[in-house]
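Residue strings, one per chain:
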Amino acid sequence: MSTADQQAPRSLAEALRARDDASLAALLRARPDLITPVPTDLTQLATRAGTRASVVRALERLDRFALQTAESLAVAGDPATWEELLALMAGDARDPAVVAALPGALAALREQALVWGADDRLRLVRTARELLAPSAQHPSPTGLGPSVREATAGMSPGRIQEFVANAGLPSTHDSVSAVSALTALFSRRRKMAALLAKAPAGAVDVLERLVWGPPYGQVTAEPAAHLRWLLDRGLLLPTAPGTVVLPREVALHLRAGRAHRVTEPTPPAVQPLVTHRPEVVDATAAGQAYTALTTVEELLKEWDEGGPAVLRAGGLSLRDLKRTAVALDVSEPVAAFWVELAYAAGLLASDGEADERYAATPEYDAWLERPPAERWARLAEAWLTATRTSGVVGGRDLKERALSALGPGLDRSVAPEVRRRVLALLAGLPEGAVPDVEAVLARLRWERPLRGAQGAAGSQGSQGSQAAQGAHGAQGAHAVQGSYGSYGSPGFPADEDLRSRLARWTLTEAELLGVTGRGALSAHGRALLGAGAAVKTTAVARPSAADPAPAGPGDKLPAHHRGAVPAVGTPLSPPEQAVAAAAAARLLAPLLPEPLDHVLLQADLTAVAPGPLRRPLAEVLGVLADVESKGGATVYRFTPGSVRRALDAGRSASDLHAFLAEHSRTPVPQPLTYLIDDVARRHGHLRVGAASAYVRCDDESVLNEILADKRAGALRLRRLAPTVLAAQADPAALLDGLRAMGFAPAAESAEGDVLITRAHAHRTPPRTAPEPVPDGPPVPDGTLLAAAIRAIRAGDLAATAPRKPAEDAAPLGPGQLPRTSSAETLATMQAAVLTGEALWIGYVNAEGAASQRVIAPVRVEGGFVTAYDHTADEVRTYPLHRITGVAELADD
């Protein structure tokens, strides 16, 4: 055996054992599920890295070129050589772009422990080969069929010899050598070309129809002459009655050696479609950001005294969503977005009462007191990190249940990754540049081809389990046209994958929220991604065409590039994201309009606010008048009902006159003064209290007028005294009924005092914002990685330490603990204290977890052994009764 053969790893565990700590850290960072929990040694780590669930997750995170490399290894020999892989990827023409990019792709697969072995013995992890290799039940993504050896398995020796003879090869003594000869013929370009040159007309056309897959075809019991010629020479091999397959070697010859029809070594470029001035983009985004703030405030003001009821299954009913959309003057999908955004920011929740309703949380009041830029940053940060996806509202889950706003089933764990990645692609363009949407979608599909192939299924839950993603049904017919097309409409292609839909929703939601302006990323939007976003979202560090790396066996990338993979959508840590949001708020603050402290009163009982109003002014004016129209300027209209509302809230007529005179840049119109005085004169003239309910008034003629009015019939009034009427309706219904008749009654308490109704009366108990559903285990930080690697190395040292065989003891299998009697354990420990030798022990802790350790005993007394633990690299004390056994280490 050569020295190279002796040094070559014989298993994935040996390959991992040869890695340095930096390489192991890169593996655990790329595949965090491998340290949940921390493996005891490298053998267990290798075993876990080969499990189906872990391999599937790792394959899902490969870009298209790395995945194509893995697919090529799946159809190559096991093991494969670098030259064999290069031929499958670059073809006979040796595409220079593929040649330059292949070392980086192979390094990425090695770093993620999907491929191991030297360049002359490349091995794809067995589970990955099973997933990607072609079979009759699961055709290969390459479109290749089984090899000649696989297709002829179980075929009669005589039939195989017929193939060999008809192909012009000498006969052999056994089927194995016959199959080898046939494989060699099909794999040699010149001989294969000579054989096909003799084919009858139409034969090659049949092969070319199968060459790119699927490789299976149907034949009749009496095939045509040109088909018979192919069948006789094994160029088409039977797999079942009436079914034939194109052998892999024949297909590769016709493909000029390429495993894929189109090999994509570089990601699709995202080019600007149009470019605006950055100042225009920032100003537009700032204006939309302010609109977002006012929309959320308006939404929660609508629900101040108790919002819509919570459905029994959770969420908002379709009717209530429509009402909310009308109140906000937006479409239903956009209304669902604002509702979900307020919920994600912790400003909205259910009150938890028996008659459960949605309402603002106490956090909403604190949010209102913050500066506008900080309030926007709170919303933007919540949107960027939320897994709840309003775009799926109106669809159905796997059980055909409707998905409602604020209801269950809206979490899509991949959503934050897609949002961040889409914004990062926009950040990679020149300032003010608007990308082509289809180019963005193509880039996302290249970066995560397997995740894109999930179609309407998306990852949900901590382990990324798939759940149905309903496309918008009839409810989504009301579409809002954003910079990127319809939002929440059924206009998307029916087969469009979840990531593409999330990307489209991201582009429109970013515009609604003011992260982008006119389709381009704003300055505060860039800051929201964080200062390190450009680094965190860069593509895989591979040799480029402009700076090609040598392509050959043994070529290595630099240590800091080795096996690097695209950090697509890598989220910032919570502290980093908070810093980024604060930076975005600082950039946005100067662009937001300064609140005004005045309005313009007009003679037609309206007031015009030429811009945003300061909060105290806006709150009082919102009670005193009704909003008639919104836009660059807000128009308020004064009505008897709105003035009465202000009086009900405890304001007097003199207070209202003073307020208007103070905040109006124009004289208070006489009609408005008369309106306030007239409503105030009649306000409280009637008093309503609880009998069921009663009405009292010092003026008997007013009560006579009420009794004579036919509209009072539903109230079922009767006179108790000259100045008192009793009703069988409750006080609220009586108040509404009298107001509908044109009166201005006031409610009173049991003591006879006027009840003052105040706004913002209903709040939920303290609520926390919903936690995002993680897309698998979180990426470990540096401290956890260092501790995990140290524990794995130590456990591996204990598991692989050479040991002296005990007398009369059976050899231990892998992972088995030593077994010795208590007396033997004590004697061996005491001897090791005197000699200073290290021992191998088995130890079971208080929780019952077993482990292997290498220790150097220092002291044995009182039923405990104090020793330097090589596994933990520290001095520890162990109870002797928890040590299962002990063995001496070999001298070497």
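Read on for an overview of the structure. (Residues numbered from 1 in each chain as written. Predicted model: local features only at pLDDT ≥ 70, side-chain atom pairs only at ≥ 80, totals over all residues. Heavy atoms only, no water.)

### Some words on the overall build of the protein chain
Stage number 1. Counting secondary structure elements, the protein chain contains 36 helices and 29 strands.
Stage number 2. For the protein chain, the residues scored as buried account for 49% of the 892 residues in total.
Stage number 3. As presented, the protein chain carries roughly 40800 Å² of accessible surface, and 55% of it is formed by carbon and sulfur atoms. (Helix = DSSP H or I, 4+ residues; strand = E, 2+ residues; numbered from the N terminus. Buried < 20%, exposed > 50% of the residue type's maximum accessible area, 1.4 Å probe, protein only. Areas by Shrake-Rupley, 256 points an atom, 1.4 Å probe, with all protein chains shown as cover.)

### Notes on the sheet that holds strand β4 (residues 237-240)
Stage number 1. Spatial ordering of the open sheet is given by β3-β5-β4, a layout of 3 strands whose pairing is antiparallel. The sheet terminates laterally at β3 (216-218) and β4, the two strands that pair on one side only. Taken over all neighbouring pairs, the strand axes of this sheet differ in orientation by 40° on average, direction set aside. (Pairing = 2+ DSSP bridges. Axes fitted to C-alpha atoms, helices over the stretch in contact; angles between N-to-C directions.)

### Notes on the pairing of strand β19 (residues 634-637)
Stage number 1. Pairing of strand β17 (residues 606-609) with β19, which is carried by 4 bridges, proceeds in the antiparallel orientation. Within the sheet, the bridge partner assigned to Ala609 lies in β19 and is Thr634.

### Focus on the side chain of Arg504
Stage number 1. Among the structural elements, Arg504 can be located in helix α25 (residues 498-513).
Stage number 2. Side chain to side chain, Arg504 and Glu438 meet in a polar contact 3.0 Å long. (Polar contact = N/O pair within 3.5 Å; in protein donor to acceptor, adjacent residues only side chain to side chain.)

### Considering the packing of aromatic side chains
Stage number 1. Counted according to the given criterion, the structure contains 4 aromatic pairs.
Stage number 2. Between Phe337 and Trp338, the aromatic rings sit 4.9 Å apart at their centres with planes inclined by 55°, giving tilted as the arrangement.
Stage number 3. For Phe337, a relative accessible area of 3% puts it in the buried group.
Stage number 4. Classification of Trp338 by relative accessible area gives buried; the value is 3%. (Phe/Tyr/Trp six-rings, centres within 6.5 Å; stacked < 30°, edge-to-face > 60°.)

### Thoughts on the packing of helix α30 (residues 640-648) against helix α32 (residues 670-682)
Stage number 1. The interhelical angle for the contact between α30 and α32, taken along N-to-C directions, is 60°, at an axis separation of 10 Å. Relative to α32, the element α30 lies oblique. Regarding α30 and α32, the two cross each other, and that crossing is right-handed. Residue-level contacts link Pro640, Val643, Arg644 and Leu647 of α30 to Leu675, Ile676, Val679 and Ala680 of α32.
Stage number 2. Broken down by class, the residue content of the contact of α30 with α32 amounts to 7 nonpolar, no polar and 1 charged. (Parallel < 35°, antiparallel > 145°, perpendicular 65-115°, else oblique. Left-handed = near helix turned anticlockwise from the far one by under 90°. Contact = heavy atoms within 4.5 Å. Nonpolar A, V, L, I, M, F, W, Y, C, P; charged D, E, K, R; others polar.)

### Quick look at the sheet that holds strand β25 (residues 839-844)
Stage number 1. Read from one edge to the other, the open sheet built from 5 strands follows the order β28-β27-β26-β25-β29, with strand pairing classed as antiparallel. The sheet is open, and its two borders are formed by β28 (874-879) and β29 (883-888), each paired with just one other strand. When the angles between neighbouring strand axes are averaged without regard to direction, this sheet yields 45°.
Stage number 2. In the sheet, strand β27 (residues 864-869) pairs with β28 via 6 bridges, with the strands oriented antiparallel. Residue pairing for β28: Val865 is matched across the bridge by Tyr878.
Stage number 3. Along the sheet, helix α36 (residues 822-835) contacts β25, β26 (850-861), β27 and β29; its crossing angle with β26, the most-contacted strand, is approximately 65°.

### Considering the pairing of strand β22 (residues 718-721)
Stage number 1. Relative to strand β23 (residues 724-727), β22 is paired through 3 bridges, and the arrangement is antiparallel. Paired with Arg719 across the two strands is Leu725, which belongs to β23.
Stage number 2. If you look at the hairpin formed by β22 and β23, you'll find 2 residues sitting between the two strands.

### Considerations on the pattern of salt bridges
Stage number 1. For the coordinates displayed, the defined rule picks out 35 salt bridges.
Stage number 2. Measuring nitrogen to oxygen at the nearest pair gives 3.8 Å for the salt bridge that ties Arg357 to Asp355.
Stage number 3. Note that Arg681 is salt-bridged to Asp678, the shortest N-O span being 2.7 Å. Here Arg681 pairs with Asp678, and both are found in helix α32, just 3 residues apart, close to one helical turn.
Stage number 4. Counted as one network, the salt bridges with shared partners bring together Arg61, Glu417, Arg448, Arg499 and Asp775. (Salt bridge = Lys/Arg side-chain N within 4 Å of Asp/Glu carboxyl O.)

### A closer look at helix α28 (residues 574-588)
Stage number 1. Taking 1.5 Å per residue, 15 residues should reach 21 Å; α28 reaches 21 Å between its end C-alpha atoms and fits that length.
Stage number 2. Looking at α28, one finds that the buried residues are Gln577, Ala580, Ala581, Ala584, Ala585 and Leu588. Along α28, the residues classed as buried sweep out an arc of 140° about the axis, all on the same side. Summarising the geometry of α28, the exposed residues directed more than 90 degrees from the buried face are Pro575, Val579 and Arg586.
Stage number 3. Here the buried face of α28 lies against α17 (278-302), α21 (372-385), α22 (415-427) and α26 (523-529). (Expected span 1.5 Å × (residues − 1). Arc of directions from axis to C-beta.)

### Examining helix α8 (residues 96-111)
At 3.6 residues per turn, the α-helix brings residues three or four places apart onto the same side.
Stage number 1. Its 16 residues place the ends of α8 24 Å apart at the C-alpha level, agreeing with the 22 Å of an ideal helix rising 1.5 Å per residue.
Stage number 2. Helix geometry: α8 is bent most strongly at Leu102, by close to 35°, with proline Pro103 lying one to four residues after it.
Stage number 3. Counting buried positions along α8 gives 13 out of 16 residues, so the element sits mostly inside the fold.
Stage number 4. By the N-cap criterion, in which a side-chain oxygen at the helix start approaches the backbone nitrogen of a residue two or three places on, α8 is capped by Asp95, the distance to Ala97 being 3.1 Å.
Stage number 5. At the C-terminal side of α8, Ala113 shows a positive phi close to 60°. (Bend = angle between axes of the 7 residues up to and from the residue.)

### Describing the nonpolar core
Stage number 1. Counting residues in hydrophobic clusters, the biggest one holds 90 residues, and the most contacted among them are Phe186, Leu230, Leu235 and Leu236.
Stage number 2. For Leu236, the contacting residues outside a window of four places in its chain are Val206, Leu207, Leu210, Leu227, Leu230, Leu231, Val244, Val245, Leu246 and Pro247.
Stage number 3. Residues Phe337, Leu425, Ala510 and Ala585 belong to the second largest nonpolar core, which totals 78 residues. (Core = buried A, V, L, I, M, F, W, Y, C linked by side-chain atoms within 4.5 Å.)

### Focus: the environment of Thr294
Stage number 1. Topologically, Thr294 is positioned in helix α17.
Stage number 2. For Thr294, a relative accessible area of 32% puts it in the partly exposed group.
Stage number 3. Residues Thr294 and Pro612, spaced 318 residues apart in sequence, show a C-alpha to C-alpha distance of 9.2 Å.

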